[in-house]
Amino acid sequence: MSGEDSSATPRNAVVVGAGLAGLLAASVLAGADYDVTIVERDRLPAGPDARAGIPQAHHTHLLFERGETGVEELLPGIRSELREAGAVSLGLPGDLEWVGPAGVIPRFPSRRTVLSCTRPVLDWTVRRRVSRDPRISFREGARAIGLETSAGAVTGLRLRCGDTSEVIPAALVVDASGRSSAAPAWLVDAGFPAPAEETVDAAIAYTTGLFRRTAPVPGPARGVYLQVSGTSLPRFGIALPVERDRWIVAVGGLRGHEPPTDQEGFAAFAATLASPALAGFLAGAVADSPLRGFRPPGSRRRHFDRTARRPEGFVVVGDAVCTFNPVYGQGMTVAVRQALALRGVLTDHGTGPGFTRRVQRAVAAEAAGPWKIAEAEDLRHPGTRGGHRTPLHRLQHAYLDRVQRAATADVTANYALLDVLALCAPPTRLFAPSVLFSALRHGGR
Ligand SMILES: Cc1cc2nc3c(=O)[nH]c(=O)nc-3n(C[C@H](O)[C@H](O)[C@H](O)COP(=O)(O)OP(=O)(O)OC[C@H]3O[C@@H](n4cnc5c(N)ncnc54)[C@H](O)[C@@H]3O)c2cc1C
């Protein structure tokens, strides 16, 4: 496809970004009979390797059950492909040595599952699958730089490839270019308003590495998860099995608790966490990769759903719409649900008038609940910047503290909390009579 052909045929779509959100959106569009070009600034590796465009891929990436079932719905059989690639399914809470903010979470029988593998394996497995679709092609090493519009609708995507610029004609452009998305600037350049934006920054910092065990894992747990313990110890640690018999281990902290990136400092930091489990784990392990630090920018939500005017045929999904504090593990599951939402709108309404607004609202709705959970938790910490602190948050935190304490003693509160954190139930689930009762009975100090 080249810039010489400037007519936008109605069934041409372009997706910007070959990350999870872009791959899934492309697959949905191909299923709706679009010929899809995925434009990606990186050269894509032939195997499960990290690449510059997704720097967070070196760090722990869990896919919640709701995300996993969603990917399976979109790409039937992908679950088996992920298992064959080495992804490990873990039961929650039963498979983890887990210390929550209120103390040790008992190993209740597992209620939910989570999929654990490195992010390159997840991306590569999905990409390999999506690239088998004859209606989807990849345009690698090309950077999207703007929209072409006419009469209030998208007619193509402008891109730069080396020193040359060109336009890919398209009736539909999906921006899935992640955190660094320039969609607001593209809209302004095309004469449309930029979306309102909100940010919350708990200033999280990670250090992560891959490890191999030199001795069997002590005890029956298959992983360790030490959550941030309220405001007194805003540090966390996690060790999970991933493909090829390795473990991904991360430690981190909020503002003022940034972890070191050398092996000795890493182990020393792990020893300061709420339980000795992670330090014990490291004592029986050897490094299988360099340690890498990462300081993600704060969470950001852009309200493309609320702009007064927008070009018909331009849709934004994934991290380009909303990024979350990664400690809550929400981003990929939200991206999967947004792809399902896109499919739902295409199936129920087609691409007639109002398509873009409908999709953008459905996409925003998928991010809204997770954003509320993450924002409320981030606002517990005095060092957090941005966000909308309201008197309600204080009440919410006090009640949630009770539920968290109850979750260390009673399965009802435990499962309800898990359902909400794993995005399987809305936060209102925590106010169900059975959970209220459990919080009253078991949630005292
Ligand atoms: C440290 C860390 C840990 C995380 N852990 C978890 C976790 O445990 N569970 C979870 O669900 N989520 C986690 N996340 C969030 C997760 O990484 C994101 O939600 C997810 O990557 C979003 O996918 P995406 O496709 O929207 O964006 P990305 O994966 O960032 O992909 C964007 C793609 O667009 C390409 N691109 C960018 N600009 C252009 C351009 N102009 N032209 C062409 N291509 C372009 C990039 O090269 C890239 O390939 C974590 C995030 C961080 C930072």
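Residues numbered from 1 in each chain as written. Predicted model: local features only at pLDDT ≥ 70, side-chain atom pairs only at ≥ 80, totals over all residues. Heavy atoms only, no water.

A. View of the overall build of the protein. Counting secondary structure elements, the protein contains 12 helices and 23 strands. Seen along its three principal axes, the alpha-carbon backbone of the protein occupies a region of about 65 × 50 × 40 Å. A burial count over the protein gives 56% of its 445 residues as buried. Across the protein, every contact between residues at least 6 apart in sequence was considered, and the portion connecting residues at least 24 apart equals 72%. Entry remark: accessible area of the protein is about 18000 Å², with carbon and sulfur atoms responsible for 54%. (Helix = DSSP H or I, 4+ residues; strand = E, 2+ residues; numbered from the N terminus. Buried < 20%, exposed > 50% of the residue type's maximum accessible area, 1.4 Å probe, protein only. Contact = heavy atoms within 4.5 Å. Areas by Shrake-Rupley, 256 points an atom, 1.4 Å probe, with all protein chains shown as cover.)

B. Representation of the nonpolar core in the model. Counting residues in hydrophobic clusters, the biggest one holds 118 residues, and the most contacted among them are Leu24, Leu29, Leu157, Val173 and Phe314. The dominant element in this core, judged by the number of residues it contributes, is helix α8 (residues 331-349), at 10 residues. The residues contacting Leu157, other than those within four sequence positions of it, are Val14, Val16, Val39, Ala144, Gly146, Leu147, Glu166, Val167, Ile168, Val173 and Trp186. (Core = buried A, V, L, I, M, F, W, Y, C linked by side-chain atoms within 4.5 Å.)

C. Expanded view of the pairing of strand β5 (residues 96-100). Burial analysis of β5 places four of its five residues in the buried class, which makes it a mostly covered element. The pairing of β5 with strand β15 (residues 223-226) spans four bridges and is classified as parallel. Its bridge partner being in β15, Leu96 is matched across the sheet by Gly223. Here three bridges tie β5 to strand β6 (residues 103-105), and the two strands are oriented antiparallel to one another. Pairing of Gly100 across the sheet is with Gly103, part of β6. Between β5 and β6, which pair antiparallel one after the other, the connecting turn spans two residues. (Pairing = 2+ DSSP bridges.)

D. Quick peek at the packing of aromatic side chains. A complete count under the given rule lists six aromatic pairs for this structure. With a centroid separation of 5.6 Å and an interplanar angle of 45°, the aromatic rings of Trp98 and Tyr225 are classed as tilted. Of this pair, Trp98 sits in strand β5 while Tyr225 is found in strand β15, placing the two residues 127 residues apart along the sequence. Exposure remark for Tyr225: the relative accessible area of 19% places this residue in the buried category. Aromatic side chains Trp247 and Phe281 sit 4.7 Å apart centroid to centroid with 50° between the ring planes, which places their arrangement in the tilted category. Taken together, the residues Trp247 in strand β17 (residues 246-253) and Phe281 in helix α7 (residues 277-283) connect sequence positions 34 residues apart. Taking the relative accessible area as the measure of exposure, Trp247 reaches 8% and is therefore buried. Over the face of the ring belonging to Trp124 we find Arg128, whose NZ or CZ atom lies 4.4 Å from the ring centre. Against the face of Phe281 rests Arg213, its NZ or CZ located 4.5 Å from the ring centre. (Phe/Tyr/Trp six-rings, centres within 6.5 Å; stacked < 30°, edge-to-face > 60°. Lys NZ or Arg CZ within 6 Å of the ring centre and 35° of its normal.)

E. Up close: the environment of Val126. Positionally, Val126 belongs in helix α4 (residues 119-130). Placed 51 residues apart in sequence, Val126 and Leu75 show a C-alpha to C-alpha distance of 8.4 Å. In this view, Val126 contacts Leu20, Leu23, Leu24, Leu75 and Ile78; residues no more than four positions away in its chain are not counted.

F. Seen up close, the site of the ligand. Within the structure, the ligand sits among 34 residues, and Glu40, His61, Arg119, Asp319 and Met332 are positioned closest to it. With respect to the ligand, the backbone of Leu20 contributes an N or O atom lying 3.3 Å from an oxygen atom. At a separation of 2.7 Å, an oxygen atom of the ligand approaches a polar side-chain atom of Asp319. Sorting the residues of the shell around the ligand by element identifies α1 (20-31), β2 (35-40), β9 (143-150) and α8 as the ones contributing at least two each. A per-element tally of the shell around the ligand places α8 first, with three residues. Its residues placed into classes, the shell around the ligand shows 13 nonpolar, 15 polar and six charged. (Near = heavy atom within 4 Å. Polar contact = N/O pair within 3.5 Å; in protein donor to acceptor, adjacent residues only side chain to side chain. Nonpolar A, V, L, I, M, F, W, Y, C, P; charged D, E, K, R; others polar.)

G. Inspection of the sheet that holds strand β1 (residues 12-16) at higher detail. Pairing in this open sheet of five strands is parallel, and the strands run β8-β2-β1-β12-β21 from one edge to the other. A strand with exactly one partner marks an edge of an open sheet, and here the two such strands are β8 (136-140) and β21 (314-316). Each strand axis lies, on average, 20° off the axis of its neighbour in the sheet, ignoring direction. Alignment of β1 against strand β12 (residues 172-175), held across four bridges, turns out to be parallel. Paired with Val14 across the bridge in β12 is Val173. The sheet strands contacting α1 are β1, β2, β8 and β12, and the helix crosses β2 at an angle near 165°. (Axes fitted to C-alpha atoms, helices over the stretch in contact; angles between N-to-C directions.)

H. Inspection of the packing of helix α2 (residues 65-74) against α8 at higher detail. Across the interface, α2 lies against α8 with an axial gap of 8 Å and an inter-helix angle of 40°. Once α2 is placed against α8, the crossing between them reads as left-handed. On α8, the residues that touch Arg66, Gly67, Thr69, Gly70, Val71, Glu73 and Leu74 of α2 are Thr333, Val336, Arg337, Ala339, Leu340 and Arg343. Of the residues assigned to the contact of α2 with α8, the class counts are five nonpolar, four polar and four charged. (Left-handed = near helix turned anticlockwise from the far one by under 90°.)

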